Amino acid sequence: MPVAAGQSASPYDARQHDALIVARREGRVTGAEAMRRLKAWLASPIDDGEARRRVASDAIAIASADGQYAEAVALGRQFAPSTLDTYALGPLAVAARRAHDSDLRGEVIGVWRARQPAAREPRVHEAWWRLESGDLAAAQALYSELSQPAPTRIEDRVALLELRGALARARKDTLQALGAYTEAGALRPGRVDLRREADFLLAASGAASSALESAEAAQRADPGSFSPLALSTLQQEALAQRLRWAIRARDQRLGMERVAALDRVLADQEAALARVDAAAPQAEPVDADAWRTVRARLQSDRLLALVERGRPAEAIALYDTLRGTDTNIPAYGLAAVGRALAQERRSIEAVPVYEAALAWRGADMPMPDETWFGLVYAYLDVGRFADADALLQRIEAATPAHLRLAPEAGRPNGEYSDVSGLRGLVQLYSDRPALAQQSFSVLTREAPLNAGYVHGAALTERLREHPEASLARYEALAADSPYDSGARIGHVEALLDASEFAQARRRAESLYADMPDSVPVREMERKRRALVGRRLDVDAEASSGGAAIANHEWRIDSRLSSGLIDDRWRVFYEQTLGRGSTDIGNANWARGGIGIGWEQGRWLAEGIVQHANTGPYRNSVAGRLDYRAGDAWRLSATYDGDSRELPWKARAAGIGAHEFGASVGYVVDESRRFDLKWQRLDFSDGNRRDGVDIGWRERWISTPAFQLETRLGADASRGRAIDAPYFNPSSDSSVQFSVRAQWLNWKRDDRQFFQVVELGGGSYRQAGFGSGPTWSLRYEHRWNLGPKLTLRYGLLVGGHPYDGVRERQRGVFLNLSTPLP
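Residues numbered from 1 in each chain as written. Predicted model: local features only at pLDDT ≥ 70, side-chain atom pairs only at ≥ 80, totals over all residues. Heavy atoms only, no water.

Draft legend 1. Fine view of the side chain of S581. Structurally, S581 can be placed in strand β3 (residues 569-582). According to the relative accessible area criterion, S581 is buried, its value standing at 18%. (Helix = DSSP H or I, 4+ residues; strand = E, 2+ residues; numbered from the N terminus. Buried < 20%, exposed > 50% of the residue type's maximum accessible area, 1.4 Å probe, protein only.)

Draft legend 2. Highlighting the packing of aromatic side chains. Summed over the entire model, instances satisfying the criterion amount to 13 aromatic pairs. A ring pair is formed by W603 and Y627, whose centres lie 4.4 Å apart and whose planes are at 40°; its orientation type is tilted. With W603 in strand β5 (residues 603-612) and Y627 in strand β6 (residues 619-629), this residue pair connects regions lying 24 residues apart in the sequence. The class for W603 is partly exposed, based on a relative accessible area of 39%. Both rings, one in W746 and one in W783, keep their centres 6.2 Å apart while their planes meet at 55°; by these two values the pair is tilted. (Phe/Tyr/Trp six-rings, centres within 6.5 Å; stacked < 30°, edge-to-face > 60°.)

Draft legend 3. Focus on helix α3 (residues 49-65). Its 17 residues place the ends of α3 24 Å apart at the C-alpha level, agreeing with the 24 Å of an ideal helix rising 1.5 Å per residue. Every buried residue of α3 is accounted for by A51, V55, A56, S57, D58, A59, I60, A61, I62, A63 and S64. (Expected span 1.5 Å × (residues − 1).)

Draft legend 4. Main features of the pattern of salt bridges. Applying the stated criterion to the full structure yields 67 salt bridges. For the salt bridge of D320 with R323, the shortest nitrogen-to-oxygen distance reads 3.0 Å. With D320 and R323 both in helix α15 (residues 312-324), this residue pair falls three residues apart, about one helical turn. Classification of D320 by relative accessible area gives partly exposed; the value is 36%. The partner of D682 in a salt bridge is R688, with the nearest N and O atoms 4.0 Å apart. Since its relative accessible area comes to 27%, R688 is described here as partly exposed. Look at the salt bridges and you will find they share partners, linking R555, D557, R559, E574, E606 and R644 into a network. (Salt bridge = Lys/Arg side-chain N within 4 Å of Asp/Glu carboxyl O.)

Draft legend 5. Representation of the packing of helix α14 (residues 288-308) against helix α16 (residues 331-343) in the model. Close contact between α14 and α16 brings their axes to 8 Å; oriented N to C, the two are set at 30°. Relative to α16, the element α14 is oriented roughly parallel. In the crossing of α14 with α16, the sense of the turn from one axis to the other is left-handed. Across the interface between the two elements, R297, S300, D301, L303, L304, V307 and E308 of α14 pack against Y332, G333, A336, V337, R339, A340 and Q343 of α16. Across the contact of α14 with α16, the residue classes tally to seven nonpolar, three polar and four charged. (Axes fitted to C-alpha atoms, helices over the stretch in contact; angles between N-to-C directions. Parallel < 35°, antiparallel > 145°, perpendicular 65-115°, else oblique. Left-handed = near helix turned anticlockwise from the far one by under 90°. Contact = heavy atoms within 4.5 Å. Nonpolar A, V, L, I, M, F, W, Y, C, P; charged D, E, K, R; others polar.)

Okay, structure coming up:
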């Protein structure tokens, strides 16, 4: 310890110095006592320069031998290496290496080599210094020089083998390095450091569990062979390897057995963290960073294990805790957190985490990699479509069709297939299904047995409103790849779209039993239950200004449906409330009804018994029959014994109407459809009105953030020429053309907000009054909050001639659909 200023010290005496060194060598004096006396002499005047050099040299040698490397380096800085005795240069070089003082170490080795140019020891030290400074070529040259001729002394052979192992490790030749350290350990079996290095290399070569077992056996046989830090480091590497094995085992098994190995890894990770937390506070300060690194890796492994086990919420909670302690989480841990956030529908937070993972690895991050893919999907989930496309282009550019470095030219690159499929999925998820169909058409033609491509093609057919084609692809894929989880999930969703609820339930239950830990499987089941469960639907509208129909009117239609019964049946309650204010009086209408629906595959049938508060048809029935004749044709027939379409003036006059309807639809895909509809109103006053409507809808632009579509329609109607208190032209017809623009303003995973503007115009012709223009403007907000809620509301205004009088209508509307718990 340093001598305080003004403290008296015995004058230096050479005989006392000799006696002190002998006593230290024989163990009769501790290193601390020897250092105290040597430093006291250094603090006192010593006239003899030779004696002063000897005292400093002995102090450095004793400090280094006792592991007081910082003390030795401080003395080496105080007394230049060139002023020290040669025997002190080796210990000082060791101390400088352990204290990471590269400059002092180089200076010491330079002096040492100058004094003993032919000696092996300084050349060995120089080789290590060159190697650890990054000068691999110079270190290799020194190794070659030292190995010719081959040394005969065991210590020289061991030193050379250690150097060879370190050089091999620097070249990432783990097996050659392991061989060198193993051979050195055989020559000096008592050197625990050699066995320690061999075990670490064994772990790095893919046998971390065996390395840990070897180290623990050595520790039991000879306590102290491995430090707590070394054992914890090996344990972390072994657990990381077991985690990789557990993930592979999970993907090859079904049921709860598939996660048994993962659960054991999670339990052992807890024990390993407890071991680190107990040992780290008692460690030397020089090892503090190494302990923090081990703990950070254990925690990162745990983040990955929790995500792979299907516990993303716990992974996020752990990440939040680690952030509070400024833990340096490596890239794979950050990538796992990004996955967890995405699975929890928090992609807005996942994006910066993925970006941090990529920045952490920098140029060393391989491309493609699951982290890059995760960031692409996260960009899509938050509406950053341009960023997703730019990143995908980077991935594509870095992933050639053939391997650049391969034993033979032209070997296919397996990662190219994944990236090609990703392109199609990105097009699909960014509302470009036509492009996605082109992509998957090419891919499935080139690789018809690629399950990912077939799954993408089937999903594309589903989103293009081709349920039959989608099911056919999924059924073929189920035969070829029965255990592909993504394909199985897609198959369930396609069955739901096709109203094959019984098959969908059976497949969903089987999938959930096989993979109850899978987050995508749980998400699929949540969506299925929301679709087949209880539901509330509400349609409301109100308008004013159309005196021919009503001066003011409002109506609310609601339906409360039960969940599916026996995978086919629903019981529902419908209610309609409305009021119309007209020139001939006001009408209040309330109708309720209980009905039953049956839906199976291509068929949908509903029947309802209903009762209204007023009108000639207060007690009535209604029904509906729909049939999907393949992917193209849609047929429907309806009947309502107390029509909702009855004009308000007719209700005010106590008139009712039966309604008959039929329609035929031809669906090309999601962007093009043609419809033909017929409707008859059979009034209780003897009037009858027949109408026909034909329409063509076309989507012209479909991008991730904007869609533009048009509708061209024409209709005509004819009624019996009788006097009626309500608007009743003997014949009329119209042609309308509308343009609808939709903007995506906000997106968070499966939650979206759109603004919609629709502008229409046309011509209306009424018998006896000629023709006149019509126009309409509609502004809408639309919220899609995943399976929880769909909400639309907005304003509309329009102009229409009735009996030659132009009227302007203004209105509001609201539509809501939500599953009930």
